[in-house]
Amino acid sequence: MASYCGLNGAILNQKEAGLGLTDLAILRGYGIFDYFLFKYGQPLLEEQYFNRFFSSAEKMHLKAPLSPGQLSRHLRELIAANGQSQGAIRLVLTGGESPDGYTPGQANLIVLLHPYPQLPESFFQEGVALITHNFQREWPEVKSINYLTGIKLLPRIRQAGALEVLYHHDGILLESVRSNIFLITENGELLTPHSNILYGITRRSVMDIAEGQLPIIEREVRLEELFRAREAFITGTNKSVMPVVRVDGQAIGDGRVGPWSKKLKEDLERYREGYYHQQM
Ligand SMILES: Cc1ncc(COP(=O)(O)O)c(C=O)c1O
């Protein structure tokens, strides 16, 4: 655990910092968050994550106590206070202390630092399995703190030897609980669902990187198309490009990590390194 966290712009000892018990994040699960990386002391794609964070806040009628400029300075102070050169940053904006346990109050802004995500190399070498579930997230474009369905399904996910749950809505493919999904189709296109999802920052980076390398298609995607795909992978800030080789026990493609999943992961890692170095 990091030594210091941020609370409404103040840097506090994390063990001592706390929220009031009537905060709506606790009473009703009302709040939003975002999560991004930093390395060499530099946040990754800060502007894109900030845009999503402040847009989620606005859509949920929450007002952050810091402006984007103030938050950016606050983050750097927090990184310096913790003496951490790389890691992940979690921004959380809560519904605030509520007078009646229902009406939002003044939103509380929490900033937490986590270690840089380290996933087992086998996930990338051998690929991961997913299970499907019929579910549409409420306000899909908002990064709300509500992960009730995904967390409730953890025992089923573990029992199936899967990493995550992949949501579809009545057969329309959406996203996984904490990542976006891409397919390499039978025709060699890069295909990803276009609506009713959280627009992942990694999803955007991967599409930018893939530009000119293969045709990119964003449209409604049916679940059956996943089972006919040559390859599938999920993308997320802490997952990079992660190959998916099994869904509901069925092999995707030949059941092995495909060349595009490997290539786009390497390209993304290079792009991220290049970005950090540019900021230094
Ligand atoms: C529902 C959902 N979809 C997609 C993503 C991936 O987004 P990003 O690439 O910005 O991490 C996340 C990340 O947590 C998520 O919660």
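What this report covers is the structure whose coordinates are included nearby.

**Some thoughts on the overall build of the protein**
Scanning the protein for helices and strands turns up nine helices and 15 strands. Computed over C-alpha atoms, the radius of gyration of the protein comes to 19 Å, within 12% of the 19 Å expected from 2.2 N^0.38 for 280 residues, which places it in the range of a compact globule. When the backbone C-alpha atoms are referred to their principal axes, the protein occupies close to 55 × 45 × 30 Å. The proportion of buried residues among the 280 residues of the protein is 52%. Nonlocal contacts in the protein, meaning residues at least 24 apart in sequence, comprise 71% of its contacts between residues at least 6 apart. Of the roughly 13,300 Å² that the protein leaves accessible, carbon and sulfur atoms contribute 50%. Where the 29 positive side-chain charges of the protein centre and where its 31 negative ones centre are 3 Å apart.

**With respect to the side chain of threonine 149**
Here threonine 149 lies in helix H5 (residues 148-152). Threonine 149 gets classed as buried once you look at its relative accessible area, which sits at 13%. Those residues in contact with threonine 149 that sit more than four places away from it in its chain are His133, Phe135 and Tyr167.

**Notes on the site of the ligand**
Around the ligand there are 17 residues in total, and Lys143, Tyr147, Ile201, Thr202 and Thr237 lie nearest to it. Separating an oxygen atom of the ligand from a side-chain N or O atom of arginine 52 is a distance of 2.8 Å. Between the ligand and lysine 143, the relevant distance is 2.5 Å, taken from an oxygen atom to a side-chain nitrogen or oxygen of the residue. About the coverage of the ligand: the protein hides 95% of its 390 Å² of free accessible area. Broken down by secondary-structure element, the contributors of at least two residues to the shell around the ligand are strand S9 (172-176), helix H7 (201-210) and strand S13 (231-236). Residues that form the shell around the ligand fall into these classes: four nonpolar, eight polar and five charged.

**Examining the sheet that holds strand S6 (residues 109-114)**
Either a parallel or an antiparallel arrangement is found when strands of a sheet pair, and the pairing is made through backbone hydrogen bonds. Here we have six strands laid out as an open sheet, ordered S2-S1-S6-S5-S3-S4, and antiparallel in their pairing. A strand with exactly one partner marks an edge of an open sheet, and here the two such strands are strand S2 (10-13) and strand S4 (42-43). Relative to S4, strand S3 (residues 31-39) runs antiparallel, the two sharing two bridges. Bridging across to S4, phenylalanine 38 finds its partner in proline 43. Helix H2 (residues 46-59) contacts S3, S4, strand S5 (87-94) and S6 of the sheet and is inclined by roughly 175° relative to S3.

**Focus: the packing of H2 against helix H3 (residues 68-82)**
Where H2 meets H3, the axes come as close as 11 Å, and the angle between the chain directions of the two elements is 125°. Compared by their axis directions, H2 and H3 come out oblique. As for the relative orientation of H2 and H3, their crossing is right-handed in sense. For the pair formed by H2 and H3, the contact residues are Glu46, Phe50, Phe53 and Phe54 on the first element and Pro68, Leu71, Ser72, Leu75 and Arg76 on the second. Tallied by class, residues from the contact of H2 with H3 come to six nonpolar, one polar and two charged.

Calculation notes
Residues numbered from 1 in each chain as written. Predicted model: local features only at pLDDT ≥ 70, side-chain atom pairs only at ≥ 80, totals over all residues. Heavy atoms only, no water. Helix = DSSP H or I, 4+ residues; strand = E, 2+ residues; numbered from the N terminus. Rg over C-alpha atoms; globule rule 2.2 N^0.38 Å. Buried < 20%, exposed > 50% of the residue type's maximum accessible area, 1.4 Å probe, protein only. Contact = heavy atoms within 4.5 Å. Areas by Shrake-Rupley, 256 points an atom, 1.4 Å probe, with all protein chains shown as cover. Lys, Arg positive; Asp, Glu negative; His and termini not counted. Charge placed at Lys NZ, Arg CZ, Asp CG, Glu CD. Near = heavy atom within 4 Å. Polar contact = N/O pair within 3.5 Å; in protein donor to acceptor, adjacent residues only side chain to side chain. Nonpolar A, V, L, I, M, F, W, Y, C, P; charged D, E, K, R; others polar. Pairing = 2+ DSSP bridges. Axes fitted to C-alpha atoms, helices over the stretch in contact; angles between N-to-C directions. Parallel < 35°, antiparallel > 145°, perpendicular 65-115°, else oblique. Left-handed = near helix turned anticlockwise from the far one by under 90°.

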